Amino acid sequence: MEPTLRNRIQRYFSQRPTLWINGRDIEELAMHAGYKASNASRRLRELAEEGFLEREERKGKRVRSVWYCLKNTL
């Protein structure tokens, strides 16, 4: 049985416990696995709301982006 997108994201972050990862990178990984980018964004927000991930908005030169890190590793 294929792992769910949520499980894939959790595993990805668990394997990189100290890294901040841009949400766009997770969206691209999800698209390569056959999911829509919007589904990955939703799962990331849910995982942050549930306390699994830390969420941080950063302002770049032109756009703001959202970065995520495994919670309790900061």
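Residues numbered from 1 in each chain as written. Predicted model: local features only at pLDDT ≥ 70, side-chain atom pairs only at ≥ 80, totals over all residues. Heavy atoms only, no water.

Attention now moves to helix H2 (residues 23–32). Within H2, burial applies to Gly 23, Ile 26, Glu 27 and Ala 30. Down the axis of H2, the smallest arc covering the buried residues is 105°, so these residues share one side. Buried residues along H2 sit in contact with helix H1 (5–14), strand E1 (21–22), helix H3 (37–49) and strand E3 (64–70). Backbone nitrogen of Arg 24 and a side-chain oxygen of the N-cap are separated by 2.7 Å at the start of H2; the cap is Asn 22. (Buried < 20%, exposed > 50% of the residue type's maximum accessible area, 1.4 Å probe, protein only. Helix = DSSP H or I, 4+ residues; strand = E, 2+ residues; numbered from the N terminus. Arc of directions from axis to C-beta. Contact = heavy atoms within 4.5 Å. Polar contact = N/O pair within 3.5 Å; in protein donor to acceptor, adjacent residues only side chain to side chain.)

For the rest of this paragraph, the subject is the environment of Trp 20. Mapped onto the fold, Trp 20 is located in the loop between H1 and E1. For Trp 20 and Glu 57, which are 37 residues apart along the polypeptide, the C-alpha to C-alpha distance reads 11 Å.

Keep in mind that these numbers describe shape and distance, not what the molecule does.
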